[in-house]
Amino acid sequence: MAEFTTILDDFEVMMRLGIHPHEVAPQRVVVSVEMTVGYPAALRDDAIEEVLDYDFVRTGILEMVAARPIALQETLCEAIAALCFGDARVRRVKVRTVKADVYPDARVGCEIVRER
């Protein structure tokens with residue numbers, strides 16, 4: 001058995017996220033995802049077919065944020081975790097979202113950890 005952590009870090013997206021009137025317009029949200037991925041054995045080849053391709057997570061997040069406004073960061077984190085678990089090899093996922101510009105002096109975020 002082999003285990004790796006695959007990371008998509010500091011992925012910036014523009015999206016409608018929030019409940020306040022000033023959050024009607026798209027805002028910058030920074031997403032980070034860590035997936036613990038299990039493989040049946042140590043990798044044999046230097047080939048993408050052997051490992052989880054993180055492109056599906058990036059593409060899925062882009063599709064998700066384009067589809068509709070989301071009110072809560074908690075909802076966004078849960079949806080991203082569910083997306084990651086779409087690959088059966090993912091055992092654990094940590095998702096962090098941060099509204100980068102909501103306040104002039106602070107960033108606000110949410111982080112969840114989910115396991116199978």
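Parameters at a glance
Residues numbered from 1 in each chain as written. Predicted model: local features only at pLDDT ≥ 70, side-chain atom pairs only at ≥ 80, totals over all residues. Heavy atoms only, no water. Axes fitted to C-alpha atoms, helices over the stretch in contact; angles between N-to-C directions. Helix = DSSP H or I, 4+ residues; strand = E, 2+ residues; numbered from the N terminus. Parallel < 35°, antiparallel > 145°, perpendicular 65-115°, else oblique. Left-handed = near helix turned anticlockwise from the far one by under 90°. Contact = heavy atoms within 4.5 Å. Nonpolar A, V, L, I, M, F, W, Y, C, P; charged D, E, K, R; others polar. Expected span 1.5 Å × (residues − 1). Buried < 20%, exposed > 50% of the residue type's maximum accessible area, 1.4 Å probe, protein only. Arc of directions from axis to C-beta. Pairing = 2+ DSSP bridges. Phe/Tyr/Trp six-rings, centres within 6.5 Å; stacked < 30°, edge-to-face > 60°.

1. What about the packing of helix H1 (residues 55–67) against helix H2 (residues 73–84)?
Where H1 meets H2, the axes come as close as 10 Å, and the angle between the chain directions of the two elements is 140°. Viewed along their axes, H1 and H2 adopt a mutual orientation that is oblique. When the axes of H1 and H2 are compared, the crossing they make is right-handed. Of the residues in H2, those touching H1 at Phe 56, Val 57, Gly 60, Ile 61, Met 64 and Val 65 are Leu 76, Ala 79, Ile 80, Leu 83 and Cys 84. Class assignment for the residues of the contact of H1 with H2 results in 10 nonpolar, one polar and no charged.

2. A few points about H2
For an α-helix, the turn length of 3.6 residues means that residues three or four places apart are oriented alike. Helix length check: H2 (12 residues) gives 17 Å between terminal C-alpha atoms against 16 Å at 1.5 Å per residue, within 8%. Among all positions of H2, only Gln 73, Leu 76, Cys 77, Ile 80, Ala 81 and Cys 84 are buried. Projected down its long axis, H2 shows its buried positions confined to an angular sector of 135°, all on one face. Of the surrounding elements, those touching the buried residues of H2 are strand S1 (2–15), strand S2 (27–39), H1, strand S3 (90–99) and strand S4 (108–115).

3. Some thoughts on the sheet that holds S2
Spatial ordering of the open sheet is given by S1-S2-S3-S4, a layout of four strands whose pairing is antiparallel. The open sheet terminates on both sides in strands that have one partner only, identified here as S1 and S4. On average, adjacent strands in this sheet sit at an angle of 10° to one another, irrespective of strand direction. Of the pairings in the sheet, the one linking S1 to S2 comprises 12 bridges and is antiparallel in character. Along S2, the bridge assignment pairs Met 14 with Arg 28.

4. A short note on the side chain of Asp 87
For Asp 87, the location among the structural elements is in the loop between H2 and S3. Each residue touching Asp 87, except ones within four places of it in the same chain, is listed here: Leu 52, Phe 56 and Arg 116.

5. Describing the side chain of Gln 27
Of note, Gln 27 is situated in strand S2. The exposure class assigned to Gln 27 is buried, which follows from its relative accessible area of 10%. Setting aside residues up to four positions removed in sequence, Gln 27 forms contacts with Val 13, Met 14, Met 15, Leu 17, Lys 99 and Val 102.

6. Here's the deal with the packing of aromatic side chains
Scanning the entire structure with this criterion turns up one aromatic pair. Both rings, one in Phe 4 and one in Tyr 39, keep their centres 5.8 Å apart while their planes meet at 65°; by these two values the pair is edge-to-face. Linking Phe 4 in strand S1 with Tyr 39 in strand S2, this pair joins segments that are 35 residues apart in sequence. You can call Tyr 39 buried: its relative accessible area is 3%.

Scope: geometric values only; no functional claims are made or implied.
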